[in-house]
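# Inside the fold
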Amino acid sequence: METDTTTNNILLELRRGILPLAVLAQLYEEQYGYSLLTGLSEQGLDIDQGTLYPLLRRLESQGLLESDWRLEEARPRRYYKLSAQGKAVLSRSKEDWKRLSNVLSNILKIEE
Amino acid sequence: MELINRYIAEVGRHLPEKTRIDIEQEIRSLLEDRLEDHSRKTGKPVDEDMVVEVLKEYSPPPKLAAAYQPERFLIGPKTFPAFMTVVKIVLPIILILAALGFGLQLGRTELDSQDIVSTFTEGISGMIDSIFSALGIIVLVFAILERTLPEFKSKSLDSVVEGEWDPRKLPKPAPSPEKVKFAGLSIEIAITVIALTLFNFYPEIIAVSTRFAGEWRSAPLLSDIFYERYLPWLSLIWGVQIILNVVLISRGRWEPVTTWIYLAVKTATIMLALVILAGPSITALTASDLASFGSLALEQAELIVNIIRQVVRWALIIAVIASGVDIISTAWKQLFKKSSVNVLTTS
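Residues numbered from 1 in each chain as written. Chains lettered and ligands numbered in written order. Predicted model: local features only at pLDDT ≥ 70, side-chain atom pairs only at ≥ 80, totals over all residues. Heavy atoms only, no water.

## Quick look at the overall build of chain B
For chain B, the count of helices and strands is 13 helices and 2 strands. Out of the 347 residues in chain B, the part that is buried amounts to 32%. The long-range fraction of contacts in chain B, counting pairs at least 24 apart against all pairs at least 6 apart in sequence, stands at 72%. With the model as given, the accessible surface of chain B reaches about 22,200 Å², and the carbon-plus-sulfur share is 65%. (Helix = DSSP H or I, 4+ residues; strand = E, 2+ residues; numbered from the N terminus. Buried < 20%, exposed > 50% of the residue type's maximum accessible area, 1.4 Å probe, protein only. Contact = heavy atoms within 4.5 Å. Areas by Shrake-Rupley, 256 points an atom, 1.4 Å probe, with all protein chains shown as cover.)

## Details of the sheet that holds strand 1 (residues 31-32) of chain A
If you trace the 3 strands from one edge of the open sheet to the other, you get 1-3-2 (chain A), paired in antiparallel fashion. The open sheet is flanked by strand 1 and strand 2 (65-72) of chain A, the only strands paired with a single partner. Taken together, the 8 bridges between strand 2 of chain A and strand 3 (residues 75-82) of chain A define a ladder with antiparallel strand orientation. Bridging across to strand 3 of chain A, Trp69(A) finds its partner in Arg78(A). Its contacts with the sheet place helix 2 (residues 17-42) of chain B against strand 1, strand 2 and strand 3 of chain A, and it is angled at close to 100° to strand 3 of chain A. (Pairing = 2+ DSSP bridges. Axes fitted to C-alpha atoms, helices over the stretch in contact; angles between N-to-C directions.)

## Notes on helix 9 (residues 224-251) of chain B
Since there are 3.6 residues in each turn of an α-helix, residues three or four apart along the chain are aligned in direction. In a regular helix each residue adds 1.5 Å, so 28 residues correspond to 40 Å; helix 9 of chain B covers 40 Å between its end C-alpha atoms and thus fits that length. A positive backbone phi angle near 85° is found at Gly252(B), which sits one or two residues after helix 9 of chain B. (Expected span 1.5 Å × (residues − 1).)

## Quick look at the interface of chain B and chain A
Interfaces are frequently sized by the accessible area removed from exposure as the parts join. If you look at the interface, chain B gives 18 residues, while chain A gives 17 residues. Considering only the side of chain B, the residues that lose the most area to chain A are Glu26(B), Leu30(B) and Asp33(B), jointly responsible for 31% of the buried surface there. Linking chain B to chain A there are 9 salt bridges. Residues Glu36(B) and Arg77(A) are paired through a salt bridge, measuring 3.9 Å at the closest nitrogen-oxygen approach. For the pair chain B and chain A, the interface holds 10 residue pairs in polar contact (both at pLDDT 80 or more). (Buried area = accessible area lost by both parts, 1.4 Å probe. Salt bridge = Lys/Arg side-chain N within 4 Å of Asp/Glu carboxyl O. Polar contact = N/O pair within 3.5 Å; in protein donor to acceptor, adjacent residues only side chain to side chain.)

## Remarks on the packing of helix 2 (residues 33-42) of chain A against helix 2 of chain B
With their axes 9 Å apart at the nearest point, helix 2 of chain A and helix 2 of chain B run at an angle of 55° to one another. Classified by the angle their axes make, helix 2 of chain A and helix 2 of chain B are oblique. Seen from helix 2 of chain A, the contacting residues are Gly33(A), Tyr34(A) and Thr38(A); seen from helix 2 of chain B, they are Leu30(B), Asp33(B), Arg34(B) and Asp37(B). Split into classes, the residues belonging to the contact of helix 2 of chain A with helix 2 of chain B amount to 2 nonpolar, 2 polar and 3 charged. (Parallel < 35°, antiparallel > 145°, perpendicular 65-115°, else oblique. Nonpolar A, V, L, I, M, F, W, Y, C, P; charged D, E, K, R; others polar.)

## A word on a nonpolar patch on the surface
On the surface, a cluster of nonpolar side chains totalling about 460 Å² of accessible area is made up of Ile89(B), Ile93(B), Ile96(B), Leu97(B) and Leu100(B). Mapped onto the fold, Leu100(B) is located in helix 5 (residues 80-108). (Patch = residues over 30% accessible without salt bridge, like charges linked within 9 Å, V, L, I, M, F, W, Y side chains within 5 Å.)

## Description of the packing of aromatic side chains
Under the criterion given, the structure shown has 8 aromatic pairs over all chains. On the numbers, 5.3 Å between centres and 80° between planes, the contact of Phe226(B) with Tyr227(B) is edge-to-face. As far as burial versus exposure is concerned, Phe226(B) and Tyr227(B) are alike and both buried. With a centroid separation of 5.3 Å and 75° between ring planes, the pair formed by Trp254(B) and Tyr262(B) is classed as edge-to-face. Take Trp254(B): its relative accessible area is 24%, and that puts it in the partly exposed class. When its relative accessible area of 15% is taken as the criterion, Tyr262(B) is described as buried. An aromatic cluster of at least three residues, connected via ring pairs, comprises Phe199(B), Phe226(B), Tyr227(B) and Trp238(B). Between the NZ or CZ atom of Arg70(A) and the centre of the ring of Tyr79(A), over which it lies, the distance is 4.5 Å. Positioned above the aromatic ring of Tyr32(A), the side-chain terminus of Arg77(A) is 4.2 Å from the ring centre. (Phe/Tyr/Trp six-rings, centres within 6.5 Å; stacked < 30°, edge-to-face > 60°. Lys NZ or Arg CZ within 6 Å of the ring centre and 35° of its normal.)

## Let's talk about empty space enclosed by the protein
For the structure shown, the criterion picks out 1 cavity of 30 Å³ or more. Its boundaries defined by the atoms lining it, the largest cavity holds a volume of some 60 Å³. What lines the largest cavity is simply Tyr32(A), Gly33(A), Tyr34(A), Tyr53(A), Trp69(A), Arg77(A), Arg78(A), Tyr80(A), Glu26(B), Ser29(B), Leu30(B) and Asp33(B). Put simply, the parts of the chain that give the lining of the largest cavity at least two residues each are helix 2 and strand 3 of chain A together with helix 2 of chain B. Ranked by the residues each element gives to the lining of the largest cavity, the list is headed by helix 2 of chain B, at 4 residues. (1 Å grid on protein atoms, 1.4 Å probe; cavity = no way out; pocket = protein on both sides within 12 Å on 5 of 7 lines; lining within 4 Å. Points joined across faces, edges and corners; volume = space filled by probe spheres on them.)

## Details of the pattern of salt bridges
On inspection of all chains with the given rule, the structure shows 18 salt bridges over all chains. Across the pair Arg57(A) and Glu26(B) runs a salt bridge whose closest N-O atoms are separated by 3.5 Å. Highlighted residues: Arg57(A) in helix 3 (residues 49-61) and Glu26(B) in helix 2, drawn from two different chains. An identical accessibility class is assigned to Arg57(A) and Glu26(B); each is buried. Linking Glu60(A) and Arg78(A) is a salt bridge whose minimum nitrogen-to-oxygen distance equals 3.7 Å. Placement of Glu60(A) in helix 3 and of Arg78(A) in strand 3 is noted, with a sequence separation of 18 residues between them. The partly exposed category is assigned to Glu60(A), whose relative accessible area is 23%. Each of Arg57(A), Glu60(A), Arg78(A), Asp22(B) and Glu26(B) takes part in one network of salt bridges that share partners.

Everything listed here is a matter of geometry and, on its own, says nothing about what the molecule does.
In structure tokens form, the structure reads like this:
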């Protein structure tokens, strides 16, 4: 039981670490919150609503995203997209992610 | 939709006013999207049961609201080490000052035995008040700095963590406080044995003596009350102290049992000193005794006797303060110390 909890905590931290990158990558094209959530879910990355939306606001406050409200189907929706700074950060992060991914794959092979 | 309004209102109640409307609007939009999607997938119209089902997928209102806000703390993790350093410097100083104030109060007032307990209680209460006041002020200052001076954080820790550092400047490890000091304990045993022997078997030596007109004249320094009322208790304390020191030398280190016995001995010393302070004077020497020696006028003799009485009184007050500080410091270390073994195994 204790091992399960520890494993869950490690996986939770791992997911928390990769979420900003996944969200930034999805927002090359603008999307509203719920479509982003379902889009990520369809690709195998389920995110809790309580995690995604605060993350979007944080990324926006860091200048990586831009957002605006639009009236669609008689109700307002907030659309998010990458800012110029967000695109630059995403580009650098992708390179770093590839390097890290290779490093970790090698490490995990050694462990096996 | 009534439930959605209630849910959003409850989330909003936990949000800061500045961002409340915007976040509430966003949550409403998300919930409506989710309901629409759910209705389409199930082929059913949106009803209260469906709203309940969707709301259950979301976090309870306080948890969702908390996710929208940064982690809140009074003193942040970056400034905490600096805060602890200041606390460790300031609190002992406050404690010593409070103990000195307590000592001065004792010295200025004539206490009878009934006043001892109340004065002692007031003194301890004053010390505790001082510590909490000082701690409160330090917390307040750090909390204000944390919120008003962003550069304060960088100066406190970032410069240490991120700046260049010289491994050669690392402090040398402190000697283990648990190891006993053999030389100090040996000297203490010798002095205590001498005092015990002198006071109990040769009290006549503890006197003021002078040679006048070819013959020795002597007057006892301490009163009969001291020898009859206080010396048995003092001898008991000294006896326990000697046994404790012998045990410490044989064991080579402080252990919880020896530490607590040491604290008990110190407490008994304080209590005895307070009783002596509150009781009649323990000095037997009078001005007429001194004047009878022939070399001093009565006025000069009175002055010297007064000085001796004050010296004895102040020696007792200083003993009370020193023992008090020692007790607090030792008890603190005993209660809150971290074993070096634990540190090594947990790091």
